[in-house]
Amino acid sequence: MKATTALVAALSAAGAVSAHPSGPKAPKDVNPFVGKQYFVNPEWAGKLEQTRAAFLAQGDKVNAANVKKVQKVSTFVWVSRLSELSRIDDAVKEARKVQRRTGKKQIIGLVLYNLPDRDCSAGESAGELKSEENGLERYKEEFIKPYAKKLAAAPDLSFAVVLEPDSLGNLVTNMGIPQCEKAAPIYTAGIAHAIKSLQYKHVSLYIDAAHGGWLGWNDNLPLAAKEFAKVVELAGKGKNKIRGFSTNVSNYNPYNATIRENYTEWSNSWDESNYATSLTPFLEAEGLPAHFIVDQGRVGLYGAREEWGEWCNVEAGFGQVPTTKTNNTVVDSIVWIKPGGESDGECGMAGAPRAGHWFDEYTQMLVKNAHPSVLSIRA
């Protein structure tokens, strides 16, 4: 997603995680991904059949085989319209099948993304609900209420839920945009209500914290932490109501940059691991839990961007497969939140369709540039 101002082996290995050594922890500090298998979304895997067919038509058997490997990687399930609430039911049904067949506990990644006046600074991902049309009440009653009910009905599974990508980031840096100023009280009230409504032991909530190129600048870090704290306090003071924060959702920053891009020169958050580390003390100062999940579904190729502000359909490849082996004590897991292949919007690359629509030419590029951990999966 956009930045603005100032700016794993086969299904079992691609989905499975292993605990890393650590001392005893209080229950609230248990990494929810450890000891569980990431849910592999068959709906997304099915879309990749188009990509595989395209490679076969080109006589490219190598990349056609690599598509089969990509299909075994876990991605989060996006619920971004009222009509998409049934995606939760579909994911639960499929996860239960896998759990019964393998005996391995499933954790389903979900994205909750339907605030009124959504995407206030760019508009490429504007949603269906409008604040002037009773949007906040509809969000609470028609979206959050059934969302919560569906998760409550599946205590045999675990869920990691990303809350409203980009929304609070806009409130930190883009209040000079009239649409964002108008949306601010709606965003805070809506996300606080979602937090309050999803308080289940088998559900781990991650507030979206944009990415290092957006909120990772020294001046933005304390402002971001205060904005997050305001929302959590509005949800109800007195206990940790979130697990932590998601970063880099739908963006292209590497988790560990092997070569530092020139445009990151003045930032301590020059990759997403460093961003998590940079943000941690400010979160802790506000009494917030410093735990992160980092989207690596698509990672930009070195030199593909001239600035962090390039966020739409960037030249990239599928990134490192999900794992809890993050080499950073505050990062719960590397994950694939954005389903690679779905367009960022009608921008960035010729022929790009509207946001969320399948973009197969782009998907073929992601396969060709895939991270070695993807290519090592046994198809």
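Everything below is about the structure shown above.
To keep things clear, this report deals only with the structure shown in the data block. (Residues numbered from 1 in each chain as written. Predicted model: local features only at pLDDT ≥ 70, side-chain atom pairs only at ≥ 80, totals over all residues. Heavy atoms only, no water.)

What follows concerns the pairing of strand β7 (residues 292-295). Alternating residues of β7 divide into Phe 292 and Val 294 and Ile 293 and Asp 295, and every residue in both groups is buried. Summarising the sheet, strand β6 (residues 244-247) and β7 pair through 3 bridges and their orientation is parallel. If you follow Thr 247 over to β7, its bridge partner there is Val 294. For the crossover that starts at β6, traverses helix α10 (residues 272-285) and ends in the parallel β7, the hand is right-handed. (Buried < 20%, exposed > 50% of the residue type's maximum accessible area, 1.4 Å probe, protein only. Helix = DSSP H or I, 4+ residues; strand = E, 2+ residues; numbered from the N terminus. Pairing = 2+ DSSP bridges. Right-handed = clockwise from strand over helix to strand, strands pointing away.)

The topology assignment puts Val 203 in strand β5 (residues 203-208). For the pair Val 203 and Gly 46, spaced 157 residues apart in sequence, the C-alpha separation works out to 27 Å. Contacts of Val 203, omitting those with residues within four sequence positions, involve Leu 151, Phe 159, Val 161 and Leu 198. (Contact = heavy atoms within 4.5 Å.)

Further remarks concern the packing of aromatic side chains. Under the defined criterion, the tally for this structure stands at 13 aromatic pairs. On the basis of an interplanar angle of 80° and a centroid distance of 6.3 Å, the ring pair of Trp 44 and Phe 318 is categorised as edge-to-face. Here the residue Trp 44 occupies a position in helix α2 (residues 42-57), and Phe 318 occupies one in strand β9 (residues 316-318), the gap between them amounting to 274 residues. Like Phe 318, Trp 44 is buried. Relative to Phe 245, the ring of Phe 228 has its centre 5.0 Å away and its plane inclined at 35°; by these criteria the two rings are tilted. With Phe 228 in helix α9 (residues 220-235) and Phe 245 in strand β6, this pair connects stretches of sequence that are 17 residues apart. (Phe/Tyr/Trp six-rings, centres within 6.5 Å; stacked < 30°, edge-to-face > 60°.)

It is worth spelling out the state of the cysteines at this point. Evaluation of the coordinates by the stated rule reveals 2 disulfides. At a sulfur-sulfur separation of 2.1 Å, the disulfide partner of Cys 120 is Cys 180. Disulfide Cys 120-Cys 180: torsion about the S-S bond near 95°, hence right-handed. Residue Cys 120 is located in the loop between β3 (106-112) and α5 (135-152), and its partner Cys 180 is located in helix α7 (residues 178-197); the two are separated by 60 residues in the primary sequence. Residue Cys 120 is classed as buried on the basis of its relative accessible area of 8%. Overall, Cys 180 belongs to the buried group, its relative accessible area being 0%. (Disulfide = S-S within 2.5 Å.)

Our focus in this paragraph is the pattern of salt bridges. Scanning all chains against the criterion turns up 16 salt bridges. A salt bridge links Arg 298 to Asp 344; the shortest N-O distance between them is 2.9 Å. With Arg 298 in strand β8 (residues 298-300) and Asp 344 in the loop between β10 (331-335) and α11 (360-368), the pair connects residues that are 46 residues apart, well separated along the chain. Summarising the burial analysis for this pair, Arg 298 and Asp 344 share the class buried. Across the pair Asp 344 and Lys 338 runs a salt bridge whose closest N-O atoms are separated by 3.6 Å. An identical accessibility class is assigned to Asp 344 and Lys 338; each is buried. When salt bridges that share partners are traced, they join Glu 43, Glu 84 and Arg 87 into one network. (Salt bridge = Lys/Arg side-chain N within 4 Å of Asp/Glu carboxyl O.)

Turning to the nonpolar core, a few remarks are in order. Formed by 68 residues in total, the largest nonpolar core has its most connected members in Leu 112, Tyr 147, Phe 159, Val 161, Leu 163 and Phe 228. When residues in this core are grouped by element, the largest group, 9 residues, is from α7. In contact with Tyr 147, not counting residues within four places along its chain, are Val 79, Leu 85, Ile 88, Leu 110, Val 111, Leu 112, Val 161 and Leu 198. Membership of the second largest hydrophobic core comes to 23 residues, among which are Val 70, Tyr 252, Val 321 and Leu 366. (Core = buried A, V, L, I, M, F, W, Y, C linked by side-chain atoms within 4.5 Å.)

Among the structural elements, Asn 41 can be located in the loop between β1 (37-38) and α2. Sequence-wise, Asn 41 and Phe 76 are 35 residues apart; in three dimensions their C-alpha atoms are separated by 7.5 Å. With residues up to four places along the chain from it excluded, the contact list for Asn 41 reads Thr 75 and Val 77.

This part takes up unusual backbone geometry. In this structure, Asn 134 takes a positive phi of about 60° despite not being glycine. Along the polypeptide, Asn 134 turns up in the loop between β3 and α5. On the basis of relative accessible area, Asn 134 is assigned to the partly exposed category, the value being 47%. At Ala 210, a residue that is not glycine, the phi angle is positive and equals roughly 55°. By secondary structure assignment, the location of Ala 210 is in the loop between β5 and α8 (212-215). A relative accessible area of 2% means that Ala 210 is categorised as buried.

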